[in-house]
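A structural walkthrough
Read off the chains here:
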Amino acid sequence: MKVNRIRQNVFPMLAAFIWGTAFVAQSVGADYVEPFTFNAARSAVAFLFLLALCGVFRAVRRRDPKAETAPGSRKELVIGGVCCGLALTVASNLQQKGLETTTSGKAGFITALYIVIVPIAGIFLGKKAPKVIWVSVVLAVAGLYCLCITEDFTITGGDFYILLCAFCFTAHILVIDHFTQRVDGVAMSCIQFLTAAVLSAAGMLLTESPSLEALRICAGPILYVGIFSSGVAYTLQILAQKDSNPTVVSLLLSLESVFATLSGAVILGDTMSGKEYFGCVLMLAAVVLAQLPEPRRRQTEGAEQK
């Protein structure tokens, strides 16, 4: 039980930290290469990294007879990986396109709007969310407001692309929630990045003019985003969502917006106002509240019903 608790809480927070710092790398990459080119490269790096990781896990299973066998059929694994890859391709390319004209910190917080969209979408899919989760969502939205909305706020083209990507990441989270109970998480993540690499490469060849020199210049950001943001963090997300409430996991993942702003301040020298710092506090409060155990009375009632 304790291991599951760590997986469901620590993994998404680690993923959020990696994604938050990756916004800086993505912003730098957007100065040199176009969206499809960047995402084709990062997805290819992630696929190769995860393919090697799958090989290591397979070797461990062969040597240790007590090791868990990968769940699910090969058909379900492929379908799940391709579906996740489709959602991820659309979301990541919209995000990268938006980063061409908006800041990394702002992009992080607009992307985090999926914390509101996930529970709303979950209602239509028959999933219930405890009342405390909705209070957390309200706090998180207030935090997003403090961080994103200024007196002269307008929706730019970049902001609109990022807003659309938030809806696509919602779909990605819900697709993962559907398949992660049935198949091996690392293997599914490997297939999703193979799918994303192929689709992004097709978009690159059809609409962009990739340059090897530009790719060489931003090799650092591509490797960081490919290995850590894509290979490690998205796999942590899939493993975290196993046997978890997707709304709670999405709240933890939304901490990427806080880390994006903080890393932008540390690495790029961006500064935040008092209102923006207050927004960070509200976001943290939302996450902590979502992780508090249910009231003992409710737990007792549930036990009696069993």
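All values derive from a computational prediction rather than experimental measurement. (Residues numbered from 1 in each chain as written. Predicted model: local features only at pLDDT ≥ 70, side-chain atom pairs only at ≥ 80, totals over all residues. Heavy atoms only, no water.)

1. Examining the packing of helix α3 (residues 74-98) against helix α8 (residues 185-207)
At a minimum axis distance of 7 Å, the contact between α3 and α8 shows a crossing angle of 50°. Classified by the interaxial angle, the pair formed by α3 and α8 is oblique. In this structure, α3 crosses over α8, and the sense of that crossing is right-handed. Between α3 and α8, the residues in contact are L77, V78, G80, G81, V82, C84, G85, L86, L88, T89 and N93 and A187, M188, I191, Q192, F193, T195, A196, L199 and S200, respectively. Its residues assigned to classes, the contact of α3 with α8 shows 12 nonpolar, eight polar and no charged. (Axes fitted to C-alpha atoms, helices over the stretch in contact; angles between N-to-C directions. Helix = DSSP H or I, 4+ residues; strand = E, 2+ residues; numbered from the N terminus. Parallel < 35°, antiparallel > 145°, perpendicular 65-115°, else oblique. Left-handed = near helix turned anticlockwise from the far one by under 90°. Contact = heavy atoms within 4.5 Å. Nonpolar A, V, L, I, M, F, W, Y, C, P; charged D, E, K, R; others polar.)

2. Looking at the confidence of the model for the protein
Residues of the protein with pLDDT of at least 70 account for 83%, and the chain-wide mean is 81. Considering only residues more than four positions removed or in separate chains, one finds that residues 296-306, a stretch of pLDDT under 50, has two contacts. (pLDDT = per-residue confidence, 0-100.)

3. Structural notes on the environment of I115
Here I115 shows up in helix α5 (residues 114-124). Sequence-wise, I115 and L253 are 138 residues apart; in three dimensions their C-alpha atoms are separated by 8.4 Å.

4. Let's talk about the pattern of salt bridges
Taken as a whole and assessed by the stated rule, the structure comprises three salt bridges. A salt bridge links R216 to E213, with the shortest nitrogen-to-oxygen separation between them at 2.6 Å. Here E213 and R216 lie together in helix α9 (residues 212-217), a separation of three residues that amounts to about one turn. (Salt bridge = Lys/Arg side-chain N within 4 Å of Asp/Glu carboxyl O.)

5. A look at the packing of α8 against helix α10 (residues 219-240)
Running from amino to carboxyl end, α8 crosses α10 at an angle of 130°, the nearest separation of the two axes being 9 Å. The pairing of α8 with α10 is recorded here as oblique in orientation. Regarding α8 and α10, the two cross each other, and that crossing is right-handed. Contacts between α8 and α10 involve G185, V186, M188, S189, Q192 and F193 on the former and, on the latter, S230, Y234, T235, I238 and L239. Residues that form the contact of α8 with α10 fall into these classes: six nonpolar, five polar and no charged.

6. Some remarks on the nonpolar core
If you look at the biggest cluster of nonpolar residues, it comprises 59 residues, and the most contacted ones within it are Y114, I115, F169, M188 and F193. At eight residues, the largest contribution of residues to this core is made by helix α7 (residues 157-179). Grouped together as the second largest cluster of nonpolar side chains are 10 residues, A41, V45, A214 and I222 included. (Core = buried A, V, L, I, M, F, W, Y, C linked by side-chain atoms within 4.5 Å. Buried < 20%, exposed > 50% of the residue type's maximum accessible area, 1.4 Å probe, protein only.)

7. A few points about empty space enclosed by the protein
Enumeration over the complete set of coordinates arrives at two cavities of 30 Å³ or more. Roughly 140 Å³ of volume is contained in the largest cavity. Taken together, 15 residues form the lining of the largest cavity, with W19, Q95, F169, Y234 and E256 sitting closest to its centre. Elements that contribute at least two residues to the lining of the largest cavity include exactly α1 (2-30), α7 and α10. (1 Å grid on protein atoms, 1.4 Å probe; cavity = no way out; pocket = protein on both sides within 12 Å on 5 of 7 lines; lining within 4 Å. Points joined across faces, edges and corners; volume = space filled by probe spheres on them.)

8. Topic: the state of the cysteines
Enumeration over the complete set of coordinates arrives at zero disulfides. This cysteine, C165, is not joined by any disulfide, and C168 carries the nearest cysteine sulfur, 7.2 Å off. By relative accessible area, C165 is classed as buried at 0%. (Disulfide = S-S within 2.5 Å.)

9. Some words on the packing of aromatic side chains
Per the counting criterion, the structure on display carries two aromatic pairs. Geometrically, the ring pair formed by F17 and F259 is edge-to-face, given 5.3 Å between the ring centres and 85° between the ring planes. Placement of the pair is F17 in helix α1 and F259 in helix α12 (residues 256-267), with a sequence separation of 242 residues. Ring centres 5.3 Å apart and planes at 35° place the aromatic pair Y224 and F228 in the tilted group. In this pair, Y224 and F228 both sit in helix α10, four residues apart, roughly one turn of the helix. A relative accessible area of 27% means that Y224 is categorised as partly exposed. Given the relative accessible area of 40%, F228 is considered partly exposed. (Phe/Tyr/Trp six-rings, centres within 6.5 Å; stacked < 30°, edge-to-face > 60°.)

10. Focus on the side chain of T195
Tracing the chain through its elements places T195 in helix α8. Among the residues examined, T195 registers a relative accessible area of 13% and is labelled buried. If sequence neighbours within four positions are ignored, T195 has contacts with G81, V82, G85, L86 and T89.

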